[in-house]
Number of protein chains: 4
Amino acid sequence: MRFQGIFPALTTPFAPDGSVALDKLRENIARYNRVPLSGYIVNGSTGESVLLSFAEIDRVWNAARESAAPGKLLIAGAGVDSTAETVARARRAAELGYDAVLVKTPHYFKALLTPEALERHYLAVADASPVPVLLYSIPQYTGISVTADWVARLAAHPNIVGIKDSSGNVQLVSEIIRQCPPEFSALVGSASTLFASLILGAAGGILALACYLPEAAFELYEAVRAGDMDRAGRLQFMLLGASRRIAGELGPAGVKYAMDCVGYYGGAPRPPLLPLSEAQKKAVESALAESLARQKRDHLGVAG
Amino acid sequence: MRFQGIFPALTTPFAPDGSVALDKLRENIARYNRVPLSGYIVNGSTGESVLLSFAEIDRVWNAARESAAPGKLLIAGAGVDSTAETVARARRAAELGYDAVLVKTPHYFKALLTPEALERHYLAVADASPVPVLLYSIPQYTGISVTADWVARLAAHPNIVGIKDSSGNVQLVSEIIRQCPPEFSALVGSASTLFASLILGAAGGILALACYLPEAAFELYEAVRAGDMDRAGRLQFMLLGASRRIAGELGPAGVKYAMDCVGYYGGAPRPPLLPLSEAQKKAVESALAESLARQKRDHLGVAG
Amino acid sequence: MRFQGIFPALTTPFAPDGSVALDKLRENIARYNRVPLSGYIVNGSTGESVLLSFAEIDRVWNAARESAAPGKLLIAGAGVDSTAETVARARRAAELGYDAVLVKTPHYFKALLTPEALERHYLAVADASPVPVLLYSIPQYTGISVTADWVARLAAHPNIVGIKDSSGNVQLVSEIIRQCPPEFSALVGSASTLFASLILGAAGGILALACYLPEAAFELYEAVRAGDMDRAGRLQFMLLGASRRIAGELGPAGVKYAMDCVGYYGGAPRPPLLPLSEAQKKAVESALAESLARQKRDHLGVAG
Amino acid sequence: MRFQGIFPALTTPFAPDGSVALDKLRENIARYNRVPLSGYIVNGSTGESVLLSFAEIDRVWNAARESAAPGKLLIAGAGVDSTAETVARARRAAELGYDAVLVKTPHYFKALLTPEALERHYLAVADASPVPVLLYSIPQYTGISVTADWVARLAAHPNIVGIKDSSGNVQLVSEIIRQCPPEFSALVGSASTLFASLILGAAGGILALACYLPEAAFELYEAVRAGDMDRAGRLQFMLLGASRRIAGELGPAGVKYAMDCVGYYGGAPRPPLLPLSEAQKKAVESALAESLARQKRDHLGVAG
């Protein structure tokens, strides 16, 4: 498996006037480069991709490519509702030197997007994309669910190399792993189920949590690889609250505020996403503090 | 109420090579001009707006404006996930001479799009839009529902003049009408509940069905206005199957095929939407035939 | 149609010690007898049937039968998850002189209860029941939805004479009416959609609201029968809040408190249903007051 | 933790005439006694409890108690919608010598069953029950979900000793374990997530799958206890299909047919549950065969 390990789903920093702050993005990536993360997702859901114009996305992709340390895998969030536009974005990402594209399920037309329609979409994108394609399922935002049988059919395409599954459904991840070839990468999109998924054979995680707790996420991954289940379990419990209460419940605004708390540049999200209320900020702070307290209590010795 | 009566939610015709076929759009509108419809929605859900680039939308808006007969109200589908981009689209529509913009609820970030976030979005758009704003709720595609209380709060803004509600929930429409000022236009998005909604005070309908059965939709509207409840009821029953089985179950592809059947240019939808299967085509034909049979049996004398 | 008009879905009064208060039930029915209601539903959802033992239900059925004025139709809530037990209850209701049984969809096993399984259930009950069967769909409690096609198939059975549809879905009610024989009674379970449903051909309503506003519900029914759409519309608007905010949002506890407010015996529900909080009581009072204010303002002259 | 290990959720055998076949129940239990299962759930969802009268349940409880080998823990499914009736059933189970009662969430009144209402229900049951109470959440049948915070509040009651969570949500199970005292038993209701849950600290499983593959379920439990993660993972993959495709998708009828296939008495379910179609029987057979093939291929050496 080429796509494995921990990948932060990068946020898109905005300047106070609302424009994309590429300098802040570069600074964040420079810091992430020091952590043994496998690479970066640029312009995913956490990156507020649906709130950016394509011209902005292009600049973000460029800046991230320039800032990423050598050896980091670069994955571009390229999926939109239109098949043709998704292909166009995948081509542009490849041109810029990206290693793969992450293509979320089209979703606007819900019931019309049958498994067959979705399958044809991905086959068309995979046929046309110069770089490998990762499927991306995030039903809490799209209202579209996939099955293991459907994933296994697509995994037969040579240019479809993995999936980011953000459903949080460990049974589904298990069945995907069981039914797909061993070189197909099942990456999970929620830190809350990372340990359980890794133990069942998941390749890693593409995580919003890795924007604000990248070292801990990496160490959980490493503990499972090293067979240290006890440590892995304690790391998972350490991350549970900081995953659900920040990335899970507060989305990009929460992730960004947590980044501000731990020394990255977070900043505000774009409207219609609201900045955090004072009570929500306190909830982020308390989730981070609780995580830190567990780390100390359980002698987890996480860097960062 | 300025926005009342029947408005077709226009489809976007595509040429065999997938490009927008503006000539076909013009021809369709030329025919619709002969029916006493109140105006046109250009680039709504039925127009596959999420599958068009903004450059394409601009050309579609232009062509529709040029083709619409004088006196027809022109409403531009302008809502996207980003507040700023929605404002930009509303400004462009106004520049092109549109009478109003239809702004669907942002929806990608689901649970993060609280009533407060949605309210701020609409207030920002309404403040900035040079033309009046119609709210647009279509939970079957967006996963976002609204309440009558929420609509009534927004109806207090002088530049928010109505709503297109496609939920199919007659109780909700009733409550919106009861709680909003009399000049606020409640337009329904489903022909299946048109009669019931009109009788409760709805201003009219923005209907995909009006793309293929425009005369019948108009006559149902007229029958209610004229107090002929018996005729209105029979027209509603005539339209039920042709509404649910075509627009409701098959979406843009079904609407387009029904247009082909009755002499407009329909054509294929854009991927990832699939063209109809043979069985689905037969279902459209049979729904249209059943509608025609009822029209004859009930001596409804609908033109067209 | 034999089953038409307005039927209150009777509550089950409890004494302070939690036992069934048959005397209070008799007093309530004695008062309802003076309103031109078509009859009574005894032991439905509003009657908290799932919280009563069958021995208690038997006594309630007996007491209601003795208290109902001659000519009132008596309908027994007889549906439970088990087919055999539903048949046993239908037989007992018939023995006690009930005119029909109301049989809600079995629901515990959700996905296993396919349309075919539900159809076999109803056919078995209808074959065995000595009295006519009314189907009963209430998806907000059961999680089970039905389609018009499914209803139409069952309507072909000579002992299945109607449906109580509590979905609030006016399109569904329209399609049921369109597809079923004219003698099949479509009764709605929500006062919020009564006007729209009656205009489309519904036979009447089985309403929790008719426990606390029986006269107004009846007058809305009469206005539609008399063709006075304007009065019917005003009555519907008068009832909207009192329906949604009391029966809809607060269930049996809300209905009972509203009954207490207007002079019937309501009392507390059985655990696990909670009695109303003070804030909820105020919401009931204000919904009733608003209804009364509209009645006066619109000169509706409702008795009671 | 007292309640740990693997417990089959026993089916209720019926004779061809539909009556409860106690002799078959005894025979099944006699066989289960030879497997190192921790005990039995008698009259749970898989036992079709909602389709049995209380007189029948009493006889089933009696027969199971008489048949269970010494040392096996006996847990009675005692939860119904009514708080008072649940208490009565818990008392009867205690009288018969049961070790605990499993109390599913009341569910009929859905939105009215707020966390507070459910909490009061469980506190009342726990106060009155002579034996310990296990919470039981099965949202796919009840439509009622619980949160870890809510479970943790109830876990403070000295007579509430655990939960059976059938949601399949591993994140929820993790959070319950993290927030509840160490002596609180988190038991999962789905074999598909057994490995992941055990690794996170779950006490065991109450499994329909353990009716037809009891040895394999037990060996997965043992492998995790012994720290043999590799074997545990292979056992989990061996069980995935046999769990989802039989217990998950086909419910009691599927479980019973699988029991027939492997030498227990299964038989037919009660109406309205349908017996399996021929295609469904083949699906069961193929899931069992696939499970056996994996067992051989992976040299898992499971007894039975």
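Right above here is the structure, for reference.
Remember, predicted model here, so these are calculated numbers, not experimental data.

Visitor: Could you clarify how one ought to interpret the overall build of chain A in this entry?
Guide: Counting its secondary structure elements, chain A contains 11 helices and 8 strands. Expected size for 304 residues packed as a compact globule is a radius of gyration near 19 Å; at 18 Å, chain A falls within 12% of this value. Taken along its principal axes, the extent of the C-alpha atoms in chain A is 50 × 45 × 40 Å. A buried classification covers 66% of the 304 residues belonging to chain A. Restricting the contact set of chain A to residue pairs at least 6 apart, pairs at least 24 apart contribute 72%.

Visitor: I'm lost on the interface of chain B and chain C in this one. Help?
Guide: Where interface size is quoted, it is often the accessible area lost as the parts come together. Contacts between chain B and chain C engage 22 residues on the former and 22 residues on the latter. Both sides together, the interface formed by chain B and chain C hides about 2100 Å², and carbon and sulfur atoms give 62% of it. Among the residues chain B hides against chain C, the three largest losses belong to B:Gln171, B:Arg178 and B:Phe237. Together they make up 31% of the total. The interface formed by chain B and chain C contains 4 salt bridges. Salt-bridge contacts for C:Arg244 lead to B:Glu175; the nearest nitrogen and oxygen are separated by 2.7 Å.

Visitor: Quick question: what am I supposed to make of the sheet that holds strand β2 (residues 39-42) of chain B here?
Guide: Strands belonging to one sheet form pairs held by backbone hydrogen bonds; the direction of such a pair is parallel or antiparallel. Residue and element names in this part refer to chain B. Spatially, β1-β8-β7-β6-β5-β4-β3-β2 is the arrangement adopted by the 8 strands of the open sheet, whose pairing is parallel. For this open sheet the edge positions go to β1 (5-8) and β2, each flanked by a neighbour on one side alone. The mean angle between the axes of side-by-side strands here comes to 25°, regardless of whether they run parallel or antiparallel. As defined by bridge partners, β2 adjoins strand β3 (residues 73-77) across 4 bridges and the pair is classed as parallel. Bridge pairing in β3 places Val42 opposite Ala76.

Visitor: Where do I start with the interface of chain B and chain A in this structure?
Guide: At the junction of the two partners, chain B supplies 32 residues and chain A supplies 32 residues. Here chain B and chain A share an interface that buries about 2700 Å² over both sides, 71% of which is from carbon and sulfur atoms. For the chain B face of the interface with chain A, the top three residues by lost area are B:Tyr108, B:Phe109 and B:Tyr141, together amounting to 28%. At the junction of chain B and chain A, the tally comes to 0 salt bridges. Across the chain B-chain A interface, the total number found is 6 residue pairs in polar contact (both at pLDDT 80 or more). Mapped by element, the contributors of at least two residues to the side of chain B that touches chain A are α4 (115-128), α5 (139-142) and α10 (229-262) of chain B. Considered class by class, the residues forming the side of chain B that touches chain A number 16 nonpolar, 9 polar and 7 charged.

Visitor: I tried to follow the packing of aromatic side chains on my own but got confused; where do I start?
Guide: By convention here, two paired aromatic rings are described through the distance between centres and the angle between planes. Scanning all chains against the criterion turns up 32 aromatic pairs over all chains. On the basis of an interplanar angle of 85° and a centroid distance of 6.0 Å, the ring pair of B:Phe54 and B:Trp61 is categorised as edge-to-face. Residue classification places B:Trp61 among the buried residues on the basis of a relative accessible area of 0%. Counting every residue linked through ring pairs, the aromatic cluster contains A:Tyr32, A:Tyr40 and A:Tyr264. Above the face of the B:Tyr264 ring, B:Arg31 is positioned so that its terminal group lies 4.0 Å from the ring centre.

Visitor: Mind showing me how you'd approach helix α11 (residues 278-297) of chain C here?
Guide: Because the α-helix completes a turn every 3.6 residues, residues three or four places apart line up on one side. Taking 1.5 Å of rise per residue, the 20 residues of α11(C) would be expected to cover 28 Å, and the 28 Å separating its terminal C-alpha atoms lies within 8% of that figure. Those residues of α11(C) lying buried are C:Val284, C:Ala287, C:Leu288, C:Ser291, C:Arg294 and C:Gln295. For α11(C), the buried positions fall inside an angular range of 125° around the axis, keeping them on one side. Facing away from the buried surface of α11(C) by more than 90 degrees, the exposed residues are C:Glu278, C:Ala279, C:Lys282, C:Lys296 and C:Arg297. The inward-facing, buried residues of α11(C) abut α7 (170-179) of chain B together with α10 (229-262) of chain C. At the exit of α11(C) stands C:His299, carrying a positive phi of roughly 50°.

Visitor: Where do I start with the pairing of strand β2 (residues 39-42) of chain A in this structure?
Guide: Alternating positions in β2(A) separate into two faces, A:Gly39 and A:Ile41 on one and A:Tyr40 and A:Val42 on the other, with burial throughout. Regarding topology, helix α2 (residues 54-67) of chain A serves as the crossover connection from β2(A) to the parallel strand β3 (residues 73-77) of chain A, and that connection is right-handed.

Visitor: In this structure, what is going on with the relation of the copies chain B and chain C? I would like to understand it.
Guide: Each of the two chain copies goes to the other by way of a rotation about an axis and a shift along it. Once chain B has been moved 0.0 Å along the axis and rotated by 180°, it coincides with chain C to within an RMSD of 0.0 Å. When the rotation and shift are considered jointly, the pair of chain copies conforms to a two-fold rotation axis. If distances are taken from each C-alpha of chain B to the rotation axis, the shortest is found for B:Ala196, at 2.4 Å. Here 100% of the contact residues of chain B are again contact residues in chain C; the copies associate through an equivalent surface.

Visitor: What's the story with the sheet that holds strand β8 (residues 204-207) of chain D in this structure? I'm lost.
Guide: Residue and element names in this part refer to chain D. If you walk across this open sheet you meet the 8 strands as β1-β8-β7-β6-β5-β4-β3-β2, and the pairing is parallel. Each edge of the open sheet is held by one strand with a lone partner, namely β1 (5-8) and β2 (39-42). Within this sheet the neighbouring strands show an average axis-to-axis angle of 25°, counted without direction. In this structure, strand β6 (residues 160-165) lies alongside strand β7 (residues 185-188), joined through 4 bridges in parallel fashion. Its bridge partner lying in β7, Lys164 is registered against Leu187. Seen against the sheet, helix α2 (residues 54-67) touches β2 and β3 (73-77) and runs at an angle of roughly 170° to β3. On the sheet, helix α9 (residues 214-225) packs against β1 and β8 and is oriented at approximately 160° with respect to β1.

Visitor: Help me out: how do you make sense of the environment of A:Pro16 in this one?
Guide: Its location among the elements puts A:Pro16 in the loop between β1 (5-8) and α1 (22-32). As a C-alpha pair, A:Pro16 and A:Ala152 span 136 residues in sequence and 45 Å in three-dimensional space.

Visitor: Which parts of the structure should I look at to understand the side chain of C:Asn28?
Guide: Residue and element names in this part refer to chain C. Within the fold, Asn28 resides in helix α1 (residues 22-32). We classify Asn28 as buried; its relative accessible area is 4%. Here Tyr265 takes part through its backbone nitrogen, which lies 2.9 Å from a polar atom of the side chain of Asn28. Leave out the neighbours within four places in its chain, and Asn28 touches Pro13, Met259, Tyr264 and Tyr265.

Conventions used here
- Residues numbered from 1 in each chain as written.
- Chains lettered and ligands numbered in written order.
- Predicted model: local features only at pLDDT ≥ 70, side-chain atom pairs only at ≥ 80, totals over all residues.
- Heavy atoms only, no water.
- Helix = DSSP H or I, 4+ residues; strand = E, 2+ residues; numbered from the N terminus.
- Rg over C-alpha atoms; globule rule 2.2 N^0.38 Å.
- Buried < 20%, exposed > 50% of the residue type's maximum accessible area, 1.4 Å probe, protein only.
- Contact = heavy atoms within 4.5 Å.
- Buried area = accessible area lost by both parts, 1.4 Å probe.
- Salt bridge = Lys/Arg side-chain N within 4 Å of Asp/Glu carboxyl O.
- Pairing = 2+ DSSP bridges.
- Axes fitted to C-alpha atoms, helices over the stretch in contact; angles between N-to-C directions.
- Polar contact = N/O pair within 3.5 Å; in protein donor to acceptor, adjacent residues only side chain to side chain.
- Nonpolar A, V, L, I, M, F, W, Y, C, P; charged D, E, K, R; others polar.
- Phe/Tyr/Trp six-rings, centres within 6.5 Å; stacked < 30°, edge-to-face > 60°.
- Lys NZ or Arg CZ within 6 Å of the ring centre and 35° of its normal.
- Expected span 1.5 Å × (residues − 1).
- Arc of directions from axis to C-beta.
- Right-handed = clockwise from strand over helix to strand, strands pointing away.
- Least-squares fit on C-alpha atoms with pLDDT ≥ 70 in both.

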